[in-house]
Amino acid sequence: QYCGHKFADDNILAGLYPDLGRTAVKTAHTSGKTTWNDQHVISAEAIISQLRKDRVISSPSQVFSWEMFQLAGAHKCAEIVLAAFGEAKKEERDYAKKQYDEAMNQIVFNNQDKNADGHLDDGEKFGSIQWVRS
């Protein structure tokens, strides 16, 4: 059981990276694999880590609007999946990383629970933060 963030799913991933939607690619990664769910979770954890590193949030519970990270999550998931294929998929992996970086740089982070009380106060609903990652 998992209780945490998951920003994208296999439908979004396959829309951006059609080959990753193919059963043959999933089973080439891991025998019997039917979804990229584990990689989506790892992707979300990487995004949360990046937000913490950049001091945008201090706790994962401060992220209320998961939708704003949907594209970044799909690109990060693709990067993680493609890394498992090594040098054979290096070009595609580098493309996914570039797309992830661009998606993260375009996010205007609003609806952030700044005081971490579990509720969006009026000031938190209408405020926003945009940051540029280095």
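Going by the structure above, here's the rest.
Everything quoted here is computed from the prediction, not taken from an experiment.

Conventions used here
- Residues numbered from 1 in each chain as written.
- Predicted model: local features only at pLDDT ≥ 70, side-chain atom pairs only at ≥ 80, totals over all residues.
- Heavy atoms only, no water.
- Core = buried A, V, L, I, M, F, W, Y, C linked by side-chain atoms within 4.5 Å.
- Buried < 20%, exposed > 50% of the residue type's maximum accessible area, 1.4 Å probe, protein only.
- Helix = DSSP H or I, 4+ residues; strand = E, 2+ residues; numbered from the N terminus.
- Polar contact = N/O pair within 3.5 Å; in protein donor to acceptor, adjacent residues only side chain to side chain.
- Phe/Tyr/Trp six-rings, centres within 6.5 Å; stacked < 30°, edge-to-face > 60°.
- Lys NZ or Arg CZ within 6 Å of the ring centre and 35° of its normal.

1. Remarks on the nonpolar core
Ranked by size, the top nonpolar core spans 14 residues in total, and within it Phe7, Ile47, Leu51, Val63, Phe69 and Met104 carry the most contacts. Mapped by element, the contributors of at least two residues to this core are helix 3 (37–53) and helix 5 (90–105). In terms of residues, this core owes the most to one element, helix 3, which gives four residues. In terms of nonpolar packing, the next biggest core, distinct from the first, is built from 10 residues, Trp36, Cys77, Leu82 and Ala96 among them.

2. Section: the environment of lysine 90
Its location among the elements puts lysine 90 in helix 5. Under the relative-accessibility criterion, lysine 90 is labelled partly exposed at 33%. Residues lysine 90 and glutamate 79 lie 11 residues apart in sequence; the distance between their C-alpha atoms is 9.4 Å. A distance of 2.7 Å separates the side chain of lysine 90 from the side chain of aspartate 94, its partner in a polar contact.

3. A few points about the environment of glutamine 106
Among the structural elements, glutamine 106 can be located in the loop between helix 5 and strand 1 (108–110). C-alpha of glutamine 106 to C-alpha of methionine 68: the two residues are 38 residues apart in sequence and 9.7 Å apart in space.

4. Re unusual backbone geometry
Even without being a glycine, arginine 55 presents a positive backbone phi close to 60 degrees. Relative to the helices and strands, arginine 55 resides in the loop between helix 3 and helix 4 (70–83).

5. Re the packing of aromatic side chains
Applying the stated criterion to the full structure yields two aromatic pairs. A centroid spacing of 5.2 Å and a plane angle of 45 degrees characterise the contact between phenylalanine 7 and phenylalanine 69, whose relative ring orientation is tilted. Of the two residues, phenylalanine 7 sits in the segment before helix 1 (10–16) while phenylalanine 69 sits in the loop between helix 3 and helix 4, which places them 62 residues apart along the sequence. Comparing phenylalanine 7 with phenylalanine 69 shows no difference in burial state: the two are buried. Centroid distance tyrosine 17 to tyrosine 95: 6.3 Å. Interplanar angle 70 degrees. Geometry classified as edge-to-face. Residue tyrosine 17 is found in the loop between helix 1 and helix 2 (23–29), and its partner tyrosine 95 is found in helix 5; the two are separated by 78 residues along the sequence. Given a relative accessible area of 9%, tyrosine 17 falls into the buried group. A cation sits over an aromatic face here: lysine 76 above tyrosine 100, 4.5 Å from the ring centre.

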